[in-house]
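Structural overview for review
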Amino acid sequence: MTSLIEPNDGAVVNGPAVDAPCASDSNASDTGTRTAIDIETAVATELETAPVEASGFAHFGFAPEILEALATVGYREPSPIQQAAIPELLLGRDLVGQAQTGTGKTAAFALPMLARLDPDQRTPQVLVLAPTRELALQVADAFNSYAARLSRVRTVAVYGGADFRDQIHQLKRGAQIVVGTPGRVMDHMRQGTLDLSGLRALVLDEADEMLRMGFIDDVEWVLEQLPEQRQVVLFSATMPAEIRRISQQYLSSPAEITIRTKAADAGRIRQRYLTVPAPHKLTALERVLESEGGEGVIIFARTKAITLTVAESLEAHGYDVAVLNGDVPQAQRERTIERLKSGQVDILVATDVAARGLDVDRIGLVINYDIPFDGEAYVHRIGRTGRAGRSGEAILFLTPRERRFLGGLERAAGKPIEPMEVPDNATINQHRLDRLRQRLTGALQQSHCSDAERALLSEILQRVAQEQGCAPEQLALAALELSLAGKPLLLQGNDDFSTVRAHGPGRDRDRDRDGQGRERGRQLRRGGREERPQGPPEDDMERFRVELGWRDRVKPGNLVGAIANETGLDGRSIGRIQIFDTHSTVDLPKGMPEEVFTSLRELRVLSKPLQISRLRNTDR
Ligand code: AMP
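Residues numbered from 1 in each chain as written. Predicted model: local features only at pLDDT ≥ 70, side-chain atom pairs only at ≥ 80, totals over all residues. Heavy atoms only, no water.

1. Things to note about the sheet that holds strand β19 (residues 584-589)
Pairing is antiparallel across the open sheet formed by four strands, whose spatial order is β18-β19-β17-β22. Whereas interior strands pair on both sides, the edge strands pair on one side only; in this sheet they are β18 (577-579) and β22 (613-614). In the sheet, strand β17 (residues 541-546) pairs with β22 via two bridges, with the strands oriented antiparallel. For R545, the partnering residue across the bridge sits in β22 and is S613. (Pairing = 2+ DSSP bridges. Helix = DSSP H or I, 4+ residues; strand = E, 2+ residues; numbered from the N terminus.)

2. Let's talk about the side chain of T303
Among the secondary structure elements, T303 is positioned in the loop between β11 (296-300) and α11 (304-316). When its relative accessible area of 0% is taken as the criterion, T303 is described as buried. A polar atom in the side chain of T303 sits 3.0 Å from the backbone nitrogen of I306. (Buried < 20%, exposed > 50% of the residue type's maximum accessible area, 1.4 Å probe, protein only. Polar contact = N/O pair within 3.5 Å; in protein donor to acceptor, adjacent residues only side chain to side chain.)

3. Some details on the sheet that holds strand β15 (residues 392-398)
Spatially, the seven strands line up as an open sheet ordered β12-β13-β11-β14-β15-β10-β16, and their pairing is parallel. Each edge of the open sheet is held by one strand with a lone partner, namely β12 (321-324) and β16 (418-419). Of the strand pairs in this sheet, strand β10 (residues 269-275) and β15 are connected by seven bridges, and their pairing is parallel. Bridge pairing in β15 places Y273 opposite L396. Relative to the sheet, helix α12 (residues 330-342) contacts β12, β13 (347-350) and β14 (363-368), its axis offset from that of β12 by approximately 140 degrees. Docked against the sheet, helix α13 (residues 375-382) engages β10, β11, β14 and β15, running at close to 150 degrees with respect to β14. (Contact = heavy atoms within 4.5 Å. Axes fitted to C-alpha atoms, helices over the stretch in contact; angles between N-to-C directions.)

4. Some details on unusual backbone geometry
The phi dihedral of E206 is positive, around 55 degrees, even though this residue is not glycine. What makes E206 buried here is its relative accessible area of 8%. Positive phi, close to 50 degrees, is recorded for Q611, a residue that is not glycine. The topology assignment puts Q611 in the loop between β21 (608-609) and β22.

5. Quick word on a nonpolar patch on the surface
A surface patch of nonpolar side chains, amounting to about 250 Å² of accessible area, comprises L457, I460 and V464. With respect to the helices, strands and loops of the structure, V464 is situated in helix α16 (residues 451-468). (Patch = residues over 30% accessible without salt bridge, like charges linked within 9 Å, V, L, I, M, F, W, Y side chains within 5 Å. Areas by Shrake-Rupley, 256 points an atom, 1.4 Å probe, with all protein chains shown as cover. Salt bridge = Lys/Arg side-chain N within 4 Å of Asp/Glu carboxyl O.)

6. Some thoughts on the confidence of the model for the protein
Predicted confidence across the protein gives a mean pLDDT of 80, with 81% of residues reaching 70 or more. In this model residues 1-31 is a low-confidence stretch, pLDDT under 50, and it forms 59 contacts with partners more than four residues away in sequence or in other chains. Counting interchain partners and residues more than four positions distant, the pLDDT-below-50 stretch residues 39-52 has 37 contacts. (pLDDT = per-residue confidence, 0-100.)

7. A look at the pairing of β19
Of all six residues making up β19, six are buried, and the element is well covered by its neighbours. Relative to β19, β17 runs antiparallel, the two sharing six bridges. Along β19, the bridge assignment pairs E542 with L588. Bridge count for β18 against β19 is three bridges, and the pairing is antiparallel. Each residue of the ladder has a partner; that of I577, found in β19, is V586. In sequence, β18 turns back onto β19 through a hairpin of four residues.

Right under this line is the structure:
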């Protein structure tokens with residue numbers, strides 16, 4: 001079967017195509033559909049506020065209640081992935097979709113799943129597994145909005161870190177759709193509080209992310225427990241071998257759809273990197289902002305904690321900053337994006353997850369304060385600038401040890417990333433003078449005062465000139481000085497940043513994942529039974545003890561996945577993990593808020609309590 005896809009958003013479409021990357025070595029049967037579509041990264045995110053006709057969806061044969069709900073959320077036309085996936089899923093076929101967030105993939109699976117529901121069956125019919133609680137909530141919200149007019153349909157989200165009993169209660173009330181993170185879903189299944197005997201469909205959302213977070217064993221366990229007759233849908237941004245294996249093992253003759261996302265015209269984005277030891281990153285950031293910042297800026301940080309540290313430091317230096325991380329509720333997130341769009345705030349500090357699909361035209365500069373996890377994340381991050389035909393700047397911060405990842409990022413970006421220096425005093429001073437000149441010119445051309453206010457200001461000028469007997473130029477100078485609000489106009493001296501660096505700590509204290517890997521490898525070769533943790537944690541990390549060890553068959557991936565999910569930390573920012581016979585140690589970034597620590601204490605991994613505790617210095 002082939003499908004011809006009519007793009008309605010200016011997307012470039014190759015349909016039908018047989019060159020989908022995941023199709024060549026798959027075992028799709030003759031009836032398998034393979035579709036490859038090239039689109040810009042963020043499609044279909046412009047929502048209309050007023051209800052419109054969801055006419056583009058009518059030909060799928062959805063019930064009027066679903067079409068009305070789509071009109072309410074402002075979807076007029078299906079996005080390319082929806083166009084390709086919905087007919088296949090309505091037929092009950094398995095499907096492998098290679099697509100990222102921002103393509104409309106949630107509706108691509110949620111709408112046909114809703115259309116095929118039996119509202120009279122109160123036990124779960126659709127289970128969606130998602131890597132993080134944020135995504136689980138997002139997917140559950142999407143189901144709720146599409147099912148807003150289907151009165152007997154209920155969706156429940158189950159994820160770690162939330163009250164277990166409350167979830168049991170929700171499940172008991174009956175729900176046709178359950179969205180959850182793998183660990184918590186497994187716990188409910190084991191306890192008999194999630195009955196999947198009537199399940200019709202399983203969706204694995206962001207499967208590669210679940211693999212990366214160490215959940216893949218859990219996902220397979222869930223797959224093994226499902227009824228034989230069921231539809232399985234797998235969405236993944238990338239197709240690592242392990243994900244391909246899962247799709248070959250558990251899916252039957254799946255339709256295959258690939259949405260190839262292109263960077264938002266990387267040609268228009270000037271990409272540079274600077275090398276800076278970890279302890280100097282904040283100073284370097286302030287200097288870069290002083291000399292390069294202008295319009296909107298997005299700063300990408302690895303963890304929630306780092307977004308806060310960076311924002312606080314910038315605020316202390318007089319910048320207006322907004323933060324987007326997994327802790328920011330959806331409504332506030334939308335307000336923040338509006339403030340950024342309207343120019344009420346110029347600087348946004350965000351984690352990758354929070355900034356997915358962010359589409360703001362006035363972003364002139366993207367700063368990768370922390371190196372992105374991989375090439376794909378890099379391309380996605382820098383694609384937040386250079387939008388709507390504008391040019392953009394992207395600056396990547398690398399610690400000396402991270403320099404070795406540069407080649408990989410350049411390959412992903414498809415062009416070299418040029419080196420730059422941390423701006424020195426002379427550059428910053430020149431920029432300050434230029435900006436002052438621009439502000440003065442701007443103030444001359446466009447006043448923010450009312451006529452009455454201007455008349456009052458003019459009166460003050462005349463009065464002071466008379467009293468002091470001074471020339472207009474002297475007055476203007478005094479007014480300009482006032483605008484500096486007591487801050488020095490220029491940085492003094494010529495001690496540029498390279499001097500600071502030269503006198504800074506000689507050792508790069510940045511963490512070294514490969515180093516950790518080698519350490520773990522050595523440990524494993526020694527039988528993995530070291531009873532003393534090797535070496536202290538890095539300076540910006542704190543060491544924790546958890547009561548799970550070899551004896552419990554815990555693997556680093558289990559701990560990374562569970563902790564990342566609970567804390568919202570990116571897996572990469574979880575430091576060294578050392579596994580011993582009866583316990584393990586985990587290094588986590590310093591400054592964990594108390595409530596996060598409390599929720600970690602209640603966390604269960606492999607159905608056992610983690611019992612996390614802080615290690616004192618003497619314990620190390
Ligand atoms: P997703 O890739 O599922 O995370 O969706 C990205 C964004 O696009 C979400 O804000 C959706 O609400 C929105 N969206 C999905 N499909 C459509 C559509 N057909 N028209 C307009 N917006 C859409």
